[in-house]
Amino acid sequence: MWKIYALLTTTMLIWGFNLPLLKYLITEVEPVTMTAFRILSASIVVFIILAALKLLRLPTRKEWLYILGGALLNVVLHHYFLNMGLARTSGTNAGLILGTGPVLTAISVSLIFRNYPSKIQWLGVGFGLIGVSFVVLVGGEMSGLALGDIYVFIAILVQVLSFLVISKAAKTLNPLTMTAYMMGIGSIFLIIISLIQEPGEIQVFATVPSVFWLGFFASAIIGTAIGHMLYNYAVGKVGPSKAAIFINFNTLFSLLGSILFLGETVSARHLIGLLFIIAGVILGSGAAEDLWKKRREQQEKTA
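Residues numbered from 1 in each chain as written. Predicted model: local features only at pLDDT ≥ 70, side-chain atom pairs only at ≥ 80, totals over all residues. Heavy atoms only, no water.

(A) Examining the packing of aromatic side chains more closely. According to the stated counting rule, one finds 15 aromatic pairs in the structure shown. Measuring from centroid to centroid gives 5.1 Å for W15 and Y231, while their planes differ by 40°, and the two rings are tilted. Residue W15 is found in helix α1 (residues 2–28), and its partner Y231 is found in helix α9 (residues 210–238); the two are separated by 216 residues along the sequence. With centroids separated by 5.4 Å and ring planes inclined at 75°, the aromatic side chains of W213 and F216 adopt a geometry described as edge-to-face. Here F216 and W213 lie together in helix α9, a separation of 3 residues that amounts to about one turn. (Phe/Tyr/Trp six-rings, centres within 6.5 Å; stacked < 30°, edge-to-face > 60°. Helix = DSSP H or I, 4+ residues; strand = E, 2+ residues; numbered from the N terminus.)

(B) Expanded view of the environment of A225. Looking at the secondary structure, you find A225 in helix α9. Sequence spacing of A225 and R38 is 187 residues, and the spatial spacing of their C-alpha atoms is 9.6 Å. Every residue in contact with A225, bar those within four places of it in the chain, is listed here: A42, V45, V46, M183 and A220. (Contact = heavy atoms within 4.5 Å.)

(C) Spatial organisation of the nonpolar core. In this structure, L8, M12, M178, F212 and Y231 are the most contacted members of the largest nonpolar core, which totals 64 residues. Sorting the residues of this core by element identifies α1, α2 (31–52), α3 (61–86), α7 (147–169), α8 (175–197), α9 and α11 (247–262) as the ones contributing at least two each. Looking at this core element by element, the count peaks at 11 residues for α3. In this structure M12 touches Y231, F246, I247, F249, N250 and F253, once residues within four positions along its chain are discounted. (Core = buried A, V, L, I, M, F, W, Y, C linked by side-chain atoms within 4.5 Å. Buried < 20%, exposed > 50% of the residue type's maximum accessible area, 1.4 Å probe, protein only.)

Right, dumping it as structure tokens:
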């Protein structure tokens, strides 16, 4: 289980560093066009990796339904609204809204699967949300609700719902295989949307600076292809509630990425937020309970 926790933390590091990169990319190319081709590139990479690992197979009719549902939620709607939101709202607001993911996941799982988190896990959710608030509110106060804020909230909501679909599909379909098909199908839909919403924007790719392509492929291969493969694999192993708790780390690593690449500074609030986020992940993920149970079992054996 600890290997999965380490895997999730690594994924959040990848996604966190990917956020400042995305903000740069959408300044060069319009958001829908950029993300459509970025995800298409990511899907090709995932298919190549899975082919090399001999994990590719044709899904069953029922599995195709899960794949289509996951592609619509996790790829098309999530990435569309996230990139549209990033172009319209502040990083502070976006970070706080994305930090509500664990809470939304816990509530969704409770309502749909009647799989209620323990009191300690709910405490971890609360700690994580407090930590995220400390981090993202540094440097300014929340502004009024804007269209970009609504877009980002929709992005995290549909992503949370997609985790429930992935969790159910993982019973028969390898989450890595599902990721490849979801990205491939989702990117096609996004390309169609980009042609309608941003006609002629594809031509801009021919005029972007060379550094854009370095960021583009780093985001596509590491941030999207590898990041989503790792996360969806973890969701299939530990379930959506525990995996979503680690999204709190996403905000923290996004901040760290901004410090390293955008020159932002660290304050006391960042450090306080870090402590709350770490406590939230340990409690909310169930790691603390797992450690407590193992300790009790060892005590009973030696008694």
